[in-house]
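Chain by chain, the residues:
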Amino acid sequence: MSNSLFRRKDVNKAIEESKKGNDGHSLAKILGVRDLTTLGIAAIIGAGIFSTIGLASFNGGPAVSLLFVFVAVACVFTALSYAQFASMVPVSGSAYTYAYVSFGEVLAWIIGWALILEYAVSNMVVAISWSSYFISMLEGFGIHFPMWLATDYTSAKEAFEVVIANGKDITEGQRILGKAFQDAPDFGFTKLIFNLPAGLVTVLITSLCYIGIKESRNASNILVALKLGVILLVIIVGVFYVKPENWSPFAPNGVNGVLSGVASVFFAFIGFDSISTTAEEAKNPQRDLPRAMLLCLLICTVLYVLITTVLTGMVNYKELNVADPLAYVFSKVGFDFVAGVISVSAVVAITSALLAYQIGQPRIWMTMSRDGLLGKKFGEIHPKFKTPGFATIITGILVAVPSLFFKMSFFVDLTSVGTFFAFILVCAGVLFLDAKGLSKDAKFKIPYLNAKYFAVPLLLVALYLTYKEGNVMQHLEEKPLLFVFWIVWLVLAVMSFKYNFSLLPVLGILTNLYLMTELGWSNWRMFIIWMIIGLVIYFAYGYQNSKLAKK
């Protein structure tokens, strides 16, 4: 049984099957480098640059611009591994497919199941964020949307209870939500409260994804062009309001203050993996996917660094802990028109991110169905629109319904772990295929540096710095996963001597694993529950119905 659990998919057969399609129809090959790069930018520059960038700047000060460079370099390790796989296996499915040809079926299923969660949850969060920005934009135009139709029941009820208990000692946000609960119509024994904009935008974006990749591509290109224009406007106009004294002190809270934003900044970059889900719709995937991944990372890094430098120069970093930092700084300097433009562009930016992820998820389901691990219906290609029709509809339902009724914080605990796990396996997959000699025909190869000359010295330096900092045991008690991190580093160092591993994928594994140690128990608990559900489905259906099981 263990052998069949780790049965691996042949690269050439995977490519051949993708060309045939699952029901006689194949996907439309229309995406070029520009389209793929735009899709990556759409996923990377979403709500983050309009919101979480403020908190990262507040904690790290002007030095947070260097954090974006550091995290971008860390992402490049993973992106290079994705790029090499994409040039070898130009098949939809992203990390799921890469794990299938490297480590076998059960790990591929785990990654695929994790990606389903990550994409769905990410879009639920994006849809709810979109709703908040949309309501704010309407308010800016003097249109008052009923709040009981733009929030979730739990948030409204909690705010109402706080208003009743505390009277005047409440925030403006609590007052608005409390009033929404009070104004909401009664529905039997409860109140009728739901987030209508979040549900509607998901339905509209899903409809666009359903009717064609060409239409989705055109919409994505337009939305990205608009938001890049606004970001460049912010940078160009903002430069004239920069006060160099705001950049001093450069790192007011030290290295720890800067690194406290690692998790949020890292997730500002991870959209590059959505590019690999559209491999079968690329004109020349083996050439264009690697180029697009690296190009979108470079563009987004430059924009992130420039915009954080301008933000922290326009106002003191202490003022940036707000929900809408870009709009705030321009209001602060009396440029209300630009602040209004930014509020509108935030809606555009988040819409394009929603589109990018909503394109990606059905294609992962389609690939898993094609392999026999999910029902055949998920793999059907629409004969007219050339999209995975059924999978797209189910994706829309699974994102739209929860975003109507649940609060955003509920979804936060479901994110993170699966993404890091997928990234680690992709980097490890490159090492495995290199060691087996299976990546010799890759059209794109990661620049090679022999890890055996670096892994041990870097390990010794890291151990020394950790020891010098003190409180080693306390750190290990607070973050037990650090034990795993050090053991994995030691194992990789030893294996690098034996197999002459490439350094960059090794650094990708270590970077992602270290970032996993920063996650709380709540993230792990929800991920473990999701994995248990997934393994039950795999052994009940996928294991017997796998195409590899029938050969």
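Scroll up to find the structure.
The structure contained in this document is the topic of the report that follows. Predicted model only: the values in this text are computed from it and were never measured.

1. Topic: the overall build of the chain
Then step 1. A tally of regular secondary structure across the chain gives 24 helices and two strands.
Then step 2. Counting every position in the chain, which comprises 551 residues, the buried fraction comes to 54%.
Then step 3. In the chain, 84% of the contacts between residues at least 6 apart in sequence involve partners at least 24 apart.
Then step 4. Carbon and sulfur atoms make up 68% of the accessible area of the chain, which amounts to about 23500 Å² in all.

2. Observations regarding the packing of aromatic side chains
Then step 1. Counted under the stated rule, the structure contains 23 aromatic pairs.
Then step 2. Their ring planes at 70 degrees and their centres at 5.0 Å tell us that Tyr538 and Phe539 sit as a pair that is edge-to-face.
Then step 3. In this structure Tyr538 comes out as buried when scored by relative accessible area, which is 0%.
Then step 4. You can call Phe539 partly exposed: its relative accessible area is 34%.
Then step 5. Looking at Lys191, its charged tip hangs above the ring of Phe181, at a distance of 5.9 Å from the centre.

3. What to know about the pattern of salt bridges
A pair can form between side chains of opposite charge whenever their charged atoms are brought close.
Then step 1. Scanning the model with the defined rule gives eight salt bridges in all.
Then step 2. As a salt-bridge pair, Lys377 and Glu380 come within 3.5 Å of each other at their nearest N and O atoms.
Then step 3. You can call Lys377 partly exposed: its relative accessible area is 42%.
Then step 4. Between Asp434 and Lys445 there is a salt bridge, with its nearest N and O atoms 3.7 Å apart. Pair noted here: Asp434 is in helix α19 (residues 417-436) and Lys445 is in the loop between α19 and α20 (455-469), with a separation of eleven residues, a long-range link.
Then step 5. Among the residues examined, Asp434 registers a relative accessible area of 27% and is labelled partly exposed.
Then step 6. Looking at Lys445, the relative accessible area reads 42%, which means it is partly exposed.

4. Some remarks on the side chain of Ser369
Then step 1. Mapped onto the secondary structure, Ser369 falls in helix α16 (residues 336-370).
Then step 2. Looking at Ser369, its side chain comes within polar contact range of the main-chain oxygen of Lys376, at 3.5 Å.
Then step 3. A distance of 3.0 Å separates a polar side-chain atom of Ser369 from the backbone nitrogen of Gly379.

5. Observations concerning helix α15 (residues 325-332)
Then step 1. Within the sequence span of α15, burial applies to Pro325, Leu326, Ala327, Val329 and Phe330.
Then step 2. Gly334 sits one or two positions beyond α15 and adopts a positive phi of about 80 degrees.

6. Points about the nonpolar core
Then step 1. Counting residues in each nonpolar core, the largest one holds 145 residues, and the members touching the most others are Phe272 and Phe330.
Then step 2. The biggest single contributor to this core is helix α7 (residues 105-140), with 16 residues.
Then step 3. In this view, Phe330 contacts Val234, Val237, Gly238, Met314, Phe335, Asp336, Val338, Ala339 and Ile342; residues no more than four positions away in its chain are not counted.

7. Some details on the packing of helix α3 (residues 33-44) against α16
Any two packed helices are characterised by how steeply their axes cross, that is the angle between the axes, and by the distance between the axes.
Then step 1. Where α3 contacts α16, the two axes come as close as 7 Å, and the packing angle between them is 115 degrees. In this view, α3 runs roughly perpendicular relative to α16, as classed from their interaxial angle. Between α3 and α16 lies a crossing whose hand is left-handed. Touching Leu39, Ala42 and Ala43 of α3 are Ser352, Ala353, Ala356, Tyr357 and Ile359, all from α16.
Then step 2. Residue composition of the contact of α3 with α16, by class: seven nonpolar, one polar and no charged.

8. Quick look at the environment of Glu319
Then step 1. Among the structural elements, Glu319 can be located in the loop between α14 (285-314) and α15.
Then step 2. Residue classification places Glu319 among the partly exposed positions, given a relative accessible area of 25%.
Then step 3. With sequence-adjacent residues up to four places away left out, Glu319 is seen in contact with Tyr328 and Lys332.

9. Details of unusual backbone geometry
Then step 1. The omega torsion across Ser248 and Pro249 is 0 degrees, close enough to zero to call that bond cis.
Then step 2. As for its position among the elements, Pro249 is in the loop between α11 (213-239) and α12 (254-259).
Then step 3. Look at Asn500: it is not a glycine, yet its phi comes out positive at around 55 degrees.
Then step 4. Here Asn500 shows up in the loop between α22 (481-499) and α23 (503-517).
Then step 5. Judged by its relative accessible area of 33%, Asn500 falls in the partly exposed class.

Conventions used here
Residues numbered from 1 in each chain as written. Predicted model: local features only at pLDDT ≥ 70, side-chain atom pairs only at ≥ 80, totals over all residues. Heavy atoms only, no water. Helix = DSSP H or I, 4+ residues; strand = E, 2+ residues; numbered from the N terminus. Buried < 20%, exposed > 50% of the residue type's maximum accessible area, 1.4 Å probe, protein only. Contact = heavy atoms within 4.5 Å. Areas by Shrake-Rupley, 256 points an atom, 1.4 Å probe, with all protein chains shown as cover. Phe/Tyr/Trp six-rings, centres within 6.5 Å; stacked < 30°, edge-to-face > 60°. Lys NZ or Arg CZ within 6 Å of the ring centre and 35° of its normal. Salt bridge = Lys/Arg side-chain N within 4 Å of Asp/Glu carboxyl O. Polar contact = N/O pair within 3.5 Å; in protein donor to acceptor, adjacent residues only side chain to side chain. Core = buried A, V, L, I, M, F, W, Y, C linked by side-chain atoms within 4.5 Å. Axes fitted to C-alpha atoms, helices over the stretch in contact; angles between N-to-C directions. Parallel < 35°, antiparallel > 145°, perpendicular 65-115°, else oblique. Left-handed = near helix turned anticlockwise from the far one by under 90°. Nonpolar A, V, L, I, M, F, W, Y, C, P; charged D, E, K, R; others polar.

By themselves, these figures tell us nothing about what the structure is for.
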